[in-house]
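The lines below spell out each chain.
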Amino acid sequence: MTTTRLKIERMGYGPEAIAHDGDGKTVFVTGGVPGDTVEAETDADEARFSRAHVTKVLEASPDRVTPPCPFVDVCGGCPWAHLSYEAQLAAKRSGVVNALVRLGGFPTETAEALVAPIVAPGDPWGYRNKVELAVETQRGRAVVGMHAAGSASVVKVPACPLLDTKFKGVVKAVQGAMNFLAGSRDLGLERVGIRASRRTKELEVALWGAPGPFPRPQVAKVLGDATKVTSVVRVMQKGPAKARRIAGIERLSGKGSWGELVGSESMRVSAPSFFQVNTRGADKLVSLVMEGLSPTEDEEAMDLYCGAGTFTLPLARKSGFVSAVESYGPAVRDLRHNLDAANLTNVDPIGGDAGIEFPDVDADVIVVDPPRAGLAADVVAQLSDQPARAIAYVSCDPATLARDLARFRDEGVFEPVSVTPVDLFPQTFHVENVTILHRVDAR
């Protein structure tokens, strides 16, 4: 392996920082902070770029900090933890602008004007309502812990400082319980999910694995004795690793789902359903969407990729009717439950792919909150055929957002008027964005 002296220039959209070697080749550097001068060992050398990791910090950047977790360098959950929070925020906003310019084809001046100051909705640590523990067999025994940085192995940690501090002892308690249970038999587990709410005081443990014999009463009792758990569920999956499907969900104890408050809305979410891991961040997303759209009671709304109803419920409070589309079965069931519990009858929950089950309505305002892959080209075309006055696009990936905004531009019907980055994921490179698009002929 080659050792090189490098000056770290900036963070990339990923866990690595970016530098250039003496020949001008781009180097993606794990463990670097912009402004550092480091020694780095090359891990991979390709024709156009190379990858390396820091072996020694020769001159520390003013933005380099000591994180509160001693496992940052071995656990993969906090790749930006050595970077000061102010620098993280600046790098994330810069990354959104850069994506709009490079991938969306927007002029730099336009992109800079579009992207608002980044919003930090809460503390940079202790913000998560969810952590996932991996399960690995080591020397014949199941070990439960965090995913290791840069590998598929598991690291045992006593606590995760990203999890809400009210539940700081939960990770260790669940690890201990599961290690005890797995010590005498193979439970067939792949991962263990923990969801915790400071607002509702609910704590759920979800055990993900294959169908088969399972000591249900014993697992429920051991986890109940170890934690103040309000729900223990087992999620059974079938299929190859990259194409798992849910084969069944069993309630082992408690409520069988997890409850959270977002703004003024009470929601229940089953273990397989997506829910934002940062509740205060979810509050901010809802407020940005609702402020950006300003729906009224005589307007019709559409909510695509609606999940369990984070945006559907507040939309239904303000607008006359909402067509809500979601493809994932467990989330559709959660949505219907949440609508019933809220006594909201002005919503049509539609199960299916947004492109295929696109509502046959004329919407006035629209929310889209797609997965990381963004919007399919046909969905952008269908949205552009709508008479709506405004669209709120919630995105978790600046690259696919930039691509989709370019598609909207090519359609010539809607154009972005603001892009607001929201830091839902401190200590990582991820950033959420709320983009408001207005109808071109309405301006």
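Residues numbered from 1 in each chain as written. Predicted model: local features only at pLDDT ≥ 70, side-chain atom pairs only at ≥ 80, totals over all residues. Heavy atoms only, no water.

A. Structural view of the nonpolar core. Judged by nonpolar contacts, the single largest core of 78 residues is most densely connected at Leu 133, Val 174, Met 178, Val 192, Leu 207, Leu 223 and Val 289. Dropping the residues within four chain positions of it, Val 289 is found in contact with Phe 311, Val 367, Ala 392, Val 394 and Val 434. In terms of nonpolar packing, the next biggest core, distinct from the first, is built from 37 residues, Phe 106, Ala 354, Ala 363 and Leu 401 among them. (Core = buried A, V, L, I, M, F, W, Y, C linked by side-chain atoms within 4.5 Å. Buried < 20%, exposed > 50% of the residue type's maximum accessible area, 1.4 Å probe, protein only. Contact = heavy atoms within 4.5 Å.)

B. Inspection of the pairing of strand E3 (residues 17-20) at higher detail. Of the pairings in the sheet, the one linking strand E2 (residues 10-11) to E3 comprises two bridges and is antiparallel in character. Counted as the bridge partner of Met 11 is Ala 17 from E3. Between E2 and the antiparallel strand that follows it, E3, lie five residues. Between E3 and strand E4 (residues 26-30), which follow one another and run antiparallel, lie five residues, and Gly 24 among them has a positive phi close to 85 degrees. (Pairing = 2+ DSSP bridges. Helix = DSSP H or I, 4+ residues; strand = E, 2+ residues; numbered from the N terminus.)

C. Broad picture of the packing of aromatic side chains. The full count for this structure, using the stated rule, is four aromatic pairs. Between Tyr 13 and Phe 429, the aromatic rings sit 5.3 Å apart at their centres with planes inclined by 85 degrees, giving edge-to-face as the arrangement. Note that Tyr 13 is positioned in the loop between E2 and E3 and Phe 429 in the loop between strand E21 (414-422) and strand E22 (432-439), a separation of 416 residues in sequence. Take Tyr 13: its relative accessible area is 42%, and that puts it in the partly exposed class. By relative accessible area, which is 15% here, Phe 429 ends up buried. If you follow Arg 191 out to its NZ or CZ, it ends over the ring of Trp 208, 3.8 Å from the centre. Of note, Arg 409 hangs over the ring of Phe 106, and the distance from its end group to the ring centre comes to 4.9 Å. (Phe/Tyr/Trp six-rings, centres within 6.5 Å; stacked < 30°, edge-to-face > 60°. Lys NZ or Arg CZ within 6 Å of the ring centre and 35° of its normal.)

D. How the structure looks around unusual backbone geometry. At Tyr 305, a position not held by glycine, the phi torsion is positive, near 60 degrees. Position of Tyr 305 among the secondary structure elements: in the loop between strand E16 (300-304) and helix H6 (312-318). Residue classification places Tyr 305 among the buried positions, given a relative accessible area of 19%. Even without glycine at this site, Asn 343 takes up a positive phi of about 60 degrees. Take Asn 343: it is sitting in the loop between helix H7 (329-341) and strand E18 (347-351). When its relative accessible area of 63% is taken as the criterion, Asn 343 is described as exposed.

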